[in-house]
Amino acid sequence: MRDTAQPIYLADYQPPAFLIEQVELTFRLAPKTTRVVSQIRFAPNPAAAPGQDLRLDGEGLTLIAASIDGAHVTATPDATGLSMAAATLPDGPFTWEAEVEIAPEGNTALEGLYMSNGMYCTQCEAEGFRKITFYPDRPDVMAPFRVRIESDLPVLLSNGNPAGRGPGWAEWDDPHPKPSYLFALVAGELTARTVRFTTMEGRDVTLNIWVRPGDEDKTAYALDALKRSMLWDEQVYGRAYDLDIFNIVAVDDFNMGAMENKGLNIFNSRYVLASGVTATDSDFAAIERIIAHEYFHNWTGNRITCRDWFQLSLKEGLTVFRDQQFMGDMRSHAVKRIEDVLTLRARQFREDAGPLAHPVRPESYVEINNFYTATVYEKGAELIRMLRLLVGDAQYRGALDLYFARHDGQACTIEDWIAVFEDAAGRDLSQFKRWYEQAGTPKVTLLEDWQDGKLTLTLRQHTAPTPGQPLKEPLLIPVALGLIAPDGTELLPTQILELDSPEQVFRFSDLPTKPVVSALRGFSAPVQLAHAQSSAERAILLGHDTDPFARFEAGRNLARDILHAMIRDGARPGPEYLEAMRLALTDHALDPAFRALVLRLPGEDELAQSLHAAGHTPDPDAIHTARRLALRRMADALAPDLARVVEDMDTPGPFSPDARDAGRRALRLAAAGVLAHADGGAKARAIFAQADNMTEQFGAWSALLAVGAGAEEGAQFHRQWQGDRLVMDKWFAAQVMHAAPERAAKIAAALTDHAAFDWKNPNRFRAVIGSLGAHPAGFHRKDGAGYRLVADWLIRLDGANPQAAARVSTVFETWRRYDHERQALIRAELTRMQDRPECSRDMGEMVGRMLG
Ligand code: ARG
Ligand code: ZN
């Protein structure tokens, strides 16, 4: 039996004692007294030791009755499940039947079967199915499911194909064997937008998006994204859908983004519902990405799943990589790559540099829900991107074909994954595999030496210790590199240097002139590159590099160096920087979306992270002040250009969320945002007044808030949108995110008293408390008011929804970066959170790791 606070180890994996041939479930739905009858056909696993007890997971279940092969048995559940002694079991296969009672209405943890606005829904990944019935709730036990739902609600859904419908009941049949975490059930008063899709194999599939009545007009974009995802997976990976129906349901109360349950994806409504007037361009992009992500899981996750939860990145890293490829194809590869790298650094590098660092394949956990992290997802995707770079595009496709052919219907490991690449590419990848096992962001140092027409590059790698991993081995790091002449012409197109030792030297000869080195093109590896370059060299790369990511990065490095100098010794942004920004801003040959990214300064947390990495103790107030000063200088120096860009980047005609118009709006708002630091927000106010779409309405209001204005616009925004939950999340978040540092905690506290602050709704909780945690200068107020407010609310949420509370607790993960006074204040809050007898396993593990 599992002591719930004890860690589970990858090394302890044992195959399941019993496999399952068939599952039949009947649900009699009632808010307080749902009955679940299960009939499970077990057979001893030939690959396991014979004669073992039957152990079934189960949490919070009231056992009504149980039988084996029709004969009543007495079972006494403990806190985590029940056991049937081997001696009491028949030899060979047998049928276990049980009836349990559960209360979905009181389920505030949003795991298992719960209710959201009167509808029933489920979330079973990772270990929620054990809150529905007794079951071997582990991903390597796969079975076909047949489900009967009894309820008077009009829409009754489960996985697979419809298998019968009558008054007060519906049946579903899922022929594809699946692990319990992919089970789903939905019942409610719902309405669907429907289209049909014919797969390349000729299968006619009904696609439905189910929403609450009134929301139908916000489903068109998601449905179109679904069709495009299905087509893309056929064209790019040769994978077709495999059921007659694909259902998506939007749910308001949901812990994560969405869930890939077989044939019945359940989504946080913020990643489904969108119209031009209620959703921003980033919302549309997030919907497109997550719809694709969950759909792509049908092959990478569902058909081929994980042997155990340590292998989570097997499905998540791969599916994120696939959704990144898809988004690049749908929009712009250059812009998408830059955005992905920015997210990686903001979330994963941050995680990797602190007490929560863990390998892409962790070796132990207490609560697996705490490992749905940027490392498992985003770094996992980077590892696949590197694999593709190392073996080449054709072998990548060959490896994936082999993966699907070899492992369809199986529960697999990272070893299986590496093996298909080794076999397809004929290459030993054992050193590469360390990327899965070793935590921490490697630092790669590049030193240049130029003599007699010869360029010598010395590359070094070093990974600092992370919790539990004091010593690091050298990794196989692909460094994409090119050379640019001072006049901007390319002297050497991209080469992949394979760095596999602590230090290596690469030589380039016959060069007509001393080149500018363009290193880590496309961000070819998830490393921190230390490469000293002059501002002049950076300006050349920003203006001329053939690799769009390297261009962006050169501008970013320029901005970062200047901001560091401003923060540390009160320097001012010099004319070269302002001129480089002006050139990028006004270069009509460049994609507006790209120009918007270049114009945006590194954020406060990114600056704290880079200062810390450079050996300094970041001061959140100094960072905030310097960044505002830089914006002010930019606004003063570039005012006419910024104003012209605001005028030029209008998007006449009806609203379209496509990448082209979205890029124009992004640049327009970025320019107006900078300009607000000089014009008091006049341009932003005009955009707000004329806006016919949420991107501009919300973007302009945010720009006003950032310069201490926007009160009137905020009131108007509230009047207009108080009836729309998703827009109201924005209203809550923006006021905290853009508050002046000294006011942020006060504003957040006041918003928690607002009648519409429904703290049990994860989106709303994050909009206020999560936003405060994401406002470095506000959260890290010297008097500790930010820390106290967040800790108070985390403690309250922990009592209702431990998973959500544990997730938001990561706002504290960077605490060791800061000064002793701040550390002492945070330590006291973390200790207060941990020292409660009722502290959840989820929160206990997170806080324990953070305190170290
Ligand atoms: N598999 C889902 C996705 O990435 C995430 C669900 C995670 N849920 C959880 N409670 N841990 O699409
Ligand atoms: Zn996923």
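Residues numbered from 1 in each chain as written. Chains lettered and ligands numbered in written order. Predicted model: local features only at pLDDT ≥ 70, side-chain atom pairs only at ≥ 80, totals over all residues.

Undergrad: Is there a simple way to think about the overall build of the protein chain in this case?
TA: Across its full length, the protein chain carries 26 helices and 30 strands. Here the C-alpha atoms of the protein chain give a radius of gyration of 27 Å, agreeing with the 29 Å that 2.2 N^0.38 yields for 852 residues. C-alpha atoms of the protein chain, sized along the principal axes, occupy 85 × 65 × 60 Å. Looking at the protein chain residue by residue over its 852 residues, the buried ones come to 53%. Long-range pairs, those at least 24 residues apart, make up 71% of the contacts in the protein chain with a sequence separation of at least 6. (Helix = DSSP H or I, 4+ residues; strand = E, 2+ residues; numbered from the N terminus. Rg over C-alpha atoms; globule rule 2.2 N^0.38 Å. Buried ≥ 20, exposed ≤ 12 C-beta atoms within 10 Å, placed from the backbone. Contact = placed C-beta atoms within 7 Å.)

Undergrad: What should I look at first to understand the domain arrangement of the protein chain in this one?
TA: Put simply, an interface is often sized by how much accessible area is lost when its parts join up. Domain parsing of the protein chain yields domain 1 (1–189), domain 2 (305–437), domain 3 (443–531) and domain 4 (722–852). If you look at the interface, domain 1 gives six residues, while domain 4 gives seven residues. Class assignment for the residues of the side of domain 1 that touches domain 4 results in three nonpolar, two polar and one charged. (Domains from an automatic or database assignment. Nonpolar A, V, L, I, M, F, W, Y, C, P; charged D, E, K, R; others polar.)

Undergrad: I tried to follow the packing of helix H4 (residues 333–352) against helix H13 (residues 604–613) on my own but got confused; where do I start?
TA: Axis angle and axis distance: for two packed helices, these are the angle between their axes and the distance between the axes, and together they describe the pair. Between H4 and H13, whose axes approach to 10 Å, the crossing angle comes to 40 degrees. As summarised for this structure, H4 and H13 are arranged oblique, according to the angle between their axes. In this structure, H4 meets H13 at a crossing whose hand is left-handed. Packed against H4, whose contacting residues are Arg345, Ala346, Phe349 and Arg350, the element H13 presents Asp605, Glu606 and Gln609 at the interface. (Axes fitted to C-alpha atoms, helices over the stretch in contact; angles between N-to-C directions. Parallel < 35°, antiparallel > 145°, perpendicular 65-115°, else oblique. Left-handed = near helix turned anticlockwise from the far one by under 90°.)

Undergrad: Could you clarify how one ought to interpret the pairing of strand S8 (residues 94–102) in this entry?
TA: Each regular strand shows side chains that alternate between the opposite faces of the sheet. Relative to S8, strand S3 (residues 34–44) runs antiparallel, the two sharing nine bridges. Residue pairing across strands places Arg35 opposite Glu101, the latter belonging to S8. Two strands pair when backbone bridges link them, and strand S5 (residues 62–68) and S8 are joined in this way by six bridges, in the antiparallel orientation. Its bridge partner lying in S8, Leu63 is registered against Val100. (Pairing = 2+ DSSP bridges.)

Undergrad: Explain the site of ligand 1 here, please?
TA: Taken together, the neighbourhood of ligand 1 is formed by 14 residues, with Glu125, Met256, Met259, Asn369 and Tyr372 sitting nearest. The set of elements that each furnish at least two residues to the shell around ligand 1 consists of strand S19 (258–259) and helix H2 (281–296). In terms of residue class, the shell around ligand 1 is built from five nonpolar, five polar and four charged. Inspection of the shell around ligand 1 shows a minimum of three residues originating in each of domain 1 (1–189) and domain 2 (305–437). (Near = placed C-beta within 6 Å.)

Undergrad: Is there a simple way to think about the UniProt feature "domain: Aminopeptidase N-like N-terminal" (unreviewed entry) in the protein chain in this case?
TA: The positions that UniProt labels "domain: Aminopeptidase N-like N-terminal" (unreviewed entry) are, in the present scheme, residues 49–182. Between the first and last C-alpha atoms of residues 49–182 the distance is 27 Å; the span itself is 0% helix and 48% strand. (UniProt positions renumbered as here; feature names shortened; annotations may be inferred.)

Undergrad: Is there a simple way to explain the sheet that holds strand S24 (residues 443–451) in this structure?
TA: Each strand in a sheet pairs with its neighbour through backbone hydrogen bonds, running either in the same direction (parallel) or in the opposite one (antiparallel). Spatially, four strands are ordered S28-S25-S24-S30 in an open sheet, and the strand pairing comes out mixed. Since the sheet does not close on itself, it has two edges, and those belong to strand S28 (503–508) and strand S30 (528–530), each with one partner. Averaged over all pairs of adjacent strands, the angle between strand axes in this sheet comes to 20 degrees, irrespective of strand direction. Relative to strand S25 (residues 454–462), S24 runs antiparallel, the two sharing nine bridges. Each residue of the ladder has a partner; that of Thr445, found in S25, is Arg460.

Undergrad: What's the story with the UniProt feature "domain: Peptidase M1 alanyl aminopeptidase Ig-like fold" (unreviewed entry) in the protein chain in this structure? I'm lost.
TA: UniProt marks residues 440–530 with the feature "domain: Peptidase M1 alanyl aminopeptidase Ig-like fold" (unreviewed entry), using the numbering shown here. For residues 440–530, the helix share is 0%, the strand share is 54%, and the end-to-end C-alpha distance is 16 Å.

Undergrad: Hey, could you run me through the nonpolar core in this one?
TA: For soluble globular proteins, nonpolar side chains are generally found buried alongside one another. Counting 260 residues, the largest nonpolar core has Val186 and Val249 as the members making the most contacts within it. Considering every element that reaches this core, the biggest residue donor is helix H15 (residues 659–679), with 12 residues. Setting aside residues up to four positions removed in sequence, Val186 forms contacts with Met119, Tyr120, Cys121, Leu157, Val249, Leu264 and Ile266. (Core = buried A, V, L, I, M, F, W, Y, C linked by C-beta atoms within 7 Å.)

Undergrad: Honestly, helix H8 (residues 430–437) in this entry has me stumped. Any pointers?
TA: Residue pairs spaced three or four apart in an α-helix point in one direction, given the helix's 3.6 residues per turn. Listed in full, the buried residues belonging to H8 are Phe432, Lys433, Trp435 and Tyr436. Viewed end-on, H8 has its buried residues packed into an arc of 130 degrees, placing them on one side of the element. Close packing links the buried residues of H8 with helix H5 (374–391) and helix H7 (414–425). (Arc of directions from axis to C-beta.)

Undergrad: I'm lost on unusual backbone geometry in this one. Help?
TA: A negative phi angle is the norm for most residues apart from glycine, just as the trans form is the norm for most peptide bonds. The omega torsion of the bond from Glu125 to Ala126 falls at 0 degrees, within 30 degrees of zero and hence cis. When you line up the elements, Ala126 lands in the loop between strand S10 (119–123) and strand S11 (143–150). Even without being a glycine, Asn117 presents a positive backbone phi close to 50 degrees. Topologically, Asn117 is positioned in the loop between strand S9 (112–116) and S10. With a phi angle near 50 degrees, Asp452 is a residue other than glycine that sits in the positive phi range. Here Asp452 is to be found in the loop between S24 and S25.

Undergrad: Please clarify how helix H20 (residues 741–752) should be interpreted in this entry.
TA: Between its first and last C-alpha atoms H20 spans 18 Å; for 12 residues at 1.5 Å apiece the expected length is 16 Å, and the two agree. Every buried residue belonging to H20 is among Pro741, Ala744, Ala745, Ile747, Ala748 and Leu751, and all of these are buried. Mapping the buried residues of H20 onto a view down its axis gives an arc of 165 degrees, with all of them on the same face. The secondary structure elements touched by the buried residues of H20 are helix H14 (620–648), helix H19 (725–737), helix H21 (762–773), helix H22 (776–779) and helix H23 (785–800). (Expected span 1.5 Å × (residues − 1).)

Undergrad: How should I be thinking about the packing of helix H11 (residues 575–586) against helix H12 (residues 592–599) in this particular structure?
TA: For the pair H11 and H12, the least separation of the axes is 8 Å and the interaxial angle reads 160 degrees. Here H11 is positioned roughly antiparallel relative to H12, judged by the angle of their axes. Note that H11 runs across H12; the crossing there is left-handed. Residue-level contacts link Met581, Ala584 and Leu585 of H11 to Arg595, Val598 and Leu599 of H12. In terms of residue class, the contact of H11 with H12 is built from five nonpolar, no polar and one charged.

Undergrad: Quick question: what am I supposed to make of the environment of Thr133 here?
TA: Structurally, Thr133 can be placed in the loop between S10 and S11. The class for Thr133 is buried, based on 27 C-beta atoms found within 10 Å. Apart from residues lying up to four places away in sequence, Thr133 is in contact with Val36, Ser38, Leu61, Ala98 and Val100.

Undergrad: What is the right way to look at the sheet that holds strand S2 (residues 18–28) in this model?
TA: Ordered in space as S6-S5-S8-S3-S2-S11-S14-S13, the eight strands form an open sheet in which the pairing is mixed. Looking at which strands have only one partner, the edges of the open sheet turn out to be strand S6 (71–72) and strand S13 (161–166). Two elements, S2 and S3, share 10 bridges in a ladder whose sense is antiparallel. Each residue of the ladder has a partner; that of Arg28, found in S3, is Arg35.

Undergrad: Help me out: how do you make sense of the environment of Ala715 in this one?
TA: Mapped onto the secondary structure, Ala715 falls in helix H18 (residues 711–721). Separated by 382 residues in sequence, Ala715 and His333 have C-alpha atoms that sit 39 Å apart.

Undergrad: Even after reading the chapter, I still don't get the environment of Gln348, so can you show me in this structure?
TA: Structurally, Gln348 can be placed in helix H4. Separated by 245 residues in sequence, Gln348 and Ala593 have C-alpha atoms that sit 24 Å apart. Beyond its immediate stretch of four places on either side in the chain, Gln348 contacts Ala374, Thr375, Glu378 and Lys379.

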